[in-house]
Amino acid sequence: MLTELSIQDFAIIDKLSITFNDGLTVLTGETGAGKSIIIDAVQLLAGGRGSVEFVRHGTSKAAIEGLFTLDSKDHKIYATGNYYGIDIQDGMVVLHRTITASGKSICRVNGKLVTLAILKEFGKNLIDVHSQHETQSLMNSENHIDLLDLFDEKKITKSKNEYTKLYNKLLSLKKRYKELSENEQEMTHRLDLLQFQINELEQAALVPNEDVELSEERNQLANFERIYTGLQDAYNALYGEQKGIDWLNKANQALQDNQDYDSFIAEKAEEMSNHYFLVEELMYDLRNYTDTLQYDPDRLNEIESRLNEINRLKKKYGTSVDEILEYMGKIEEEIEQITNKDSHLSKLAEQINEISQDAYLEAKQLHDLRKKASHSLKKDIQKELKGLYLEKASFSVAFNTKENPEQENFKEDVKLHKNGFDYIHFLISTNPGEPLKELNKTASGGELSRIMLALKKIFAQHQGVTSVIFDEVDTGVSGRVAQAIAEKIYQISNQSQVLCISHLPQVAAMSDTHKLIKKTEKNKRTFTEVVELSVNEKTDELGRMITGTKLTETAKKHATELLELASGYKNKI
């Protein structure tokens, strides 16, 4: 869950630190106090689109930081961390984002600099924000297939992964087939280029690792005098009377002569003897290697010329001789494919047909799993809608395919896509006798809010996010529907932390924690502050939400009743 949120120089917020608890936290306050600004900050923390407009006037940057704590070691965020090389310890993730006045975004995860795209990957596994705009996103039919797959994730994911492998392979084969079969003139030009390249590389007659070996030899010849002098000096220091080897021999002999009188001397005599023979062997190695050295200026020129040729080829074909030879192998293969295009096209067509059939069969299995999942989803959604006073509403999952799903043999007119051959739409009818239609074409604003909550209630337990945020999703409802929405939001908070901005007293009464957002003015500047309300303060705030103006005793009485009703409901579930 989101445990700590720190905001600095963001919109009208100069500096704000908020501690959040588990369960349902409701944020209330007058319009313009900064409630939605806090949600905007959380969205940016999750990788949302930033703007210089968010930077507080007169400051150079806005900074947002959030601490998230994880209860489960199986949370998806650990896999995300492993993938991007970010260590997650003690079940804590810190997201940080800075937006400068010049429009640059600086993002960090657990202190490590990341791109905005990577921050978004972490954010989507930690935060799920639902505003009125996000409700429209949920209603978008393009997202429905992913939601259905999420509903029965355990069974569908395995089949979907297998299909994806086949589908990607199919796309690769079709791309290669298209490249070989289309544009004869372009293919001829390609062949001419490849043949020129292969001729150039064959004439070069490169040898594996040649560049490394030649560089080493050039280095030796270019520094011949230093190398020769160094070896001679080392050898001369060791060899001859009164030189190093002579003194070592004297030390060795002194220890050998007295080893019978002392065990320590005996031990060191053996060590000294070993060292003496090693140094003597080293001395002979130095002499022998020096004798092999020859300075050949012609060979040096030859190496320089060869390395220049290799470096010229590196600029065109690879960073090393081994890479150039690897590239040479690839173009030889491509030349062979273009030269024998017809036979390769025939083989590719066979492969495409074979992989297409396999992909179709896997897509058919996906379809069957989704069909089964759709029946369970329909029952669950109908149950949730009934609890939101949409008991007469009908929900359905429509499947549109390019072919009869009962037909197992592959047909060329089937249009496979990244999700199989299914095109899925969630349909609903809110009134008896009315036909089922797409969600965004049949529901009013208040109905959309309830439908969204029903979907959210179902999918919250499958998505695995730590924090669900509702930004005024209860707009346009009242009375018993408002109470039903409050109860549904509370049910979601039993599955994951919920932060909710609301103008409904019913929702606020259901909160485990109630925070009041207030706007103040100092030195002709506007500031936002957050106050966590006590029980008595919560009652007064609910009273003001009920009346909308001055707090009255009647409003306080109604607020107390709302709190008692909320407490009774919590005790029941």
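Above this note sits the structure.
Now for a quick tour of the structure. Since we're looking at a predicted model, the values are computed, not measured.

Focus on the packing of aromatic side chains
For step 1, the next point in the chain: Per the stated rule, a full pass over the model turns up 12 aromatic pairs.
For step 2, the next point in the chain: For the ring pair F10 and F54, a centre distance of 4.9 Å and an interplane angle of 15 degrees mean the geometry is stacked. Separated by 44 residues along the polypeptide, F10 in strand β1 (residues 2-10) and F54 in the loop between α1 (35-45) and β4 (61-69) bring together distant segments of the chain.
For step 3, the next point in the chain: With a centroid separation of 5.6 Å and an interplanar angle of 25 degrees, the aromatic rings of Y317 and Y327 are classed as stacked. One end of the pair, Y317, is in helix α12 (residues 297-317); the other, Y327, is in helix α13 (residues 321-339), with 10 residues separating them in the sequence.

As for the pattern of salt bridges
For step 1, the next point in the chain: What the rule picks out here adds up to 25 salt bridges.
For step 2, the next point in the chain: Close ionic contact of R312 with E309 constitutes a salt bridge, the shortest N to O distance being 3.0 Å. Placement of the pair is R312 and E309 together in helix α12, with a separation of 3 residues, close to one helical turn.
For step 3, the next point in the chain: When the shortest N-O distance is used, the salt bridge between E384 and K488 registers 2.5 Å.

Observations regarding the sheet that holds strand β9 (residues 394-400)
For step 1, the next point in the chain: With antiparallel pairing, the 3 strands of this open sheet are ordered in space as β9-β10-β11. In this open sheet, the two strands that pair with only one neighbour each are β9 and β11 (437-438).
For step 2, the next point in the chain: Sheet topology note: the strand β10 (residues 423-429)/β11 ladder contains 2 bridges and is antiparallel. When the bridges of β11 are listed, L427 appears paired with E438.
For step 3, the next point in the chain: Lying over the sheet, helix α5 (residues 144-151) contacts β9 and β10, oriented at roughly 90 degrees with respect to β10.

Brief notes about the side chain of D422
For step 1, the next point in the chain: Along the polypeptide, D422 turns up in the loop between β9 and β10.
For step 2, the next point in the chain: The buried category is assigned to D422, whose relative accessible area is 1%.
For step 3, the next point in the chain: A polar atom in the side chain of D422 sits 2.7 Å from the side chain of H367.
For step 4, the next point in the chain: Apart from residues lying up to four places away in sequence, D422 is in contact with I145, L366, H367, R370, F399, N400, T401 and H417.

Some details on the sheet that holds strand β6 (residues 105-109)
For step 1, the next point in the chain: Within the open sheet, the 6 strands sit side by side as β2-β1-β4-β5-β6-β7. Their pairing is antiparallel. Each edge of the sheet is formed by a strand with only one pairing partner; in this case those strands are β2 (13-19) and β7 (112-114). Here the strands of the sheet are splayed against their neighbours by 15 degrees on average, with no regard to which way each runs.

Some remarks on the nonpolar core
For step 1, the next point in the chain: Core analysis: the biggest nonpolar cluster contains 91 residues, and L377, L385, F426, F470 and I489 have the highest contact counts within it.
For step 2, the next point in the chain: Residue contributions to this core peak at 13 residues, all from helix α14 (residues 341-386).
For step 3, the next point in the chain: Those residues in contact with I489 that lie beyond four places of it in its chain are L24, L453, F470, V498, C500 and V507.
For step 4, the next point in the chain: Grouped together as the second largest cluster of nonpolar side chains are 42 residues, F10, I39, V42 and L126 included.

About the criteria used
Residues numbered from 1 in each chain as written. Predicted model: local features only at pLDDT ≥ 70, side-chain atom pairs only at ≥ 80, totals over all residues. Heavy atoms only, no water. Phe/Tyr/Trp six-rings, centres within 6.5 Å; stacked < 30°, edge-to-face > 60°. Helix = DSSP H or I, 4+ residues; strand = E, 2+ residues; numbered from the N terminus. Salt bridge = Lys/Arg side-chain N within 4 Å of Asp/Glu carboxyl O. Pairing = 2+ DSSP bridges. Contact = heavy atoms within 4.5 Å. Axes fitted to C-alpha atoms, helices over the stretch in contact; angles between N-to-C directions. Buried < 20%, exposed > 50% of the residue type's maximum accessible area, 1.4 Å probe, protein only. Polar contact = N/O pair within 3.5 Å; in protein donor to acceptor, adjacent residues only side chain to side chain. Core = buried A, V, L, I, M, F, W, Y, C linked by side-chain atoms within 4.5 Å.

Nothing here speaks to function; it is geometry throughout.
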